[in-house]
Amino acid sequence: MTARTIGVEVSCDGPDEQTDCPDSAAVRAAFTSMTAKQVRADGREDGWTTRRVPGHLRDMCPACRSHRLEP
Ligand SMILES: [Zn+2]
C-alpha cells in the first residue's frame, strides 16, 4: 500500500460466499473516482465484475473471476 485511500475502496469479496479473496484485492481506483459507482467503473476496466445478490453487491477481482470459471 502506498497512498492513503481517499474516497471509497472496493475490495474483492472472493470467488464464492465462503472464501475470501486470496489476494485481498482491491480496485485500483482512479484519482478522480470518489464514489463506489465510479470506483466500480474503474474496476470493470481492469476486469473486475460486480454481481448483484440479495441484500448487497459482490465485487470480484479478475483472479477470483477466472478461478470461479474453472471446472
Ligand atoms: Zn479476488
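Read on for a plain summary of the structure. (Residues numbered from 1 in each chain as written. Predicted model: local features only at pLDDT ≥ 70, side-chain atom pairs only at ≥ 80, totals over all residues. Heavy atoms only, no water.)

**Points about the overall build of the chain**
In terms of helices and strands, the chain carries 2 helices and 2 strands. Along its sequence from the N terminus, the chain presents helices and strands in the succession α-β-β-α. Here the chain holds 71 residues, and the buried ones make up 28% of them. When the accessible surface of the chain is split by element, carbon and sulfur atoms take 51% of a total near 5,300 Å². (Helix = DSSP H or I, 4+ residues; strand = E, 2+ residues; numbered from the N terminus. Buried < 20%, exposed > 50% of the residue type's maximum accessible area, 1.4 Å probe, protein only. Areas by Shrake-Rupley, 256 points an atom, 1.4 Å probe, with all protein chains shown as cover.)

**Looking at the coordination of the zinc ion**
Protein coordination of the zinc ion is provided by Cys12 (SG), Cys21 (SG), Cys61 (SG) and Cys64 (SG), with donor distances spanning 2.2 to 2.4 Å. Its 4 donor atoms give the zinc ion angles of 104 to 118 degrees at the centre, a pattern that matches the tetrahedral case. Read from N- to C-terminus, the donor residues coordinating the zinc ion fall into the pattern C-x8-C-x39-C-x2-C. Taken as a pair, cysteine 12 in the segment before α1 (36-45) and cysteine 64 in helix α2 (residues 62-69) lie far apart in primary sequence, 52 residues in all. (Donors = N, O, S within 2.8 Å, 3.2 Å for Na, K, Ca; no water. Tetrahedral: all angles 85-135°; square planar, octahedral: opposite > 155°, others 65-115°.)

**Here's the deal with the nonpolar core**
Counting residues in hydrophobic clusters, the biggest one holds 10 residues: Val10, Cys12, Cys21, Ala25, Val27, Val39, Trp48, Met60, Cys61 and Cys64. Ignoring anything within four residues of it in the chain, the contact list for cysteine 61 reads Cys12, Cys21, Ala25 and Trp48. (Core = buried A, V, L, I, M, F, W, Y, C linked by side-chain atoms within 4.5 Å. Contact = heavy atoms within 4.5 Å.)

**Let's talk about empty space enclosed by the protein**
Counted by the stated rule, this structure contains 1 cavity of 30 Å³ or more. Reported here for the largest cavity is a volume of approximately 40 Å³. For the lining of the largest cavity, the secondary structure elements donating two or more residues are α1 and β1 (49-53). (1 Å grid on protein atoms, 1.4 Å probe; cavity = no way out; pocket = protein on both sides within 12 Å on 5 of 7 lines; lining within 4 Å. Points joined across faces, edges and corners; volume = space filled by probe spheres on them.)

**Here's the deal with unusual backbone geometry**
Unlike most non-glycine residues, serine 24 shows phi in positive territory, near 45 degrees. In this structure, serine 24 sits in the segment before α1.

**What to know about the pairing of strand β2 (residues 56-60)**
Of the strand pairs in this sheet, β1 and β2 are connected by 5 bridges, and their pairing is antiparallel. Looking across to β2, one finds that arginine 52 is bridged to leucine 57. Where β1 folds back on β2, the antiparallel hairpin that results is connected by 2 residues, among which glycine 55 adopts a positive phi of roughly 95 degrees. (Pairing = 2+ DSSP bridges.)

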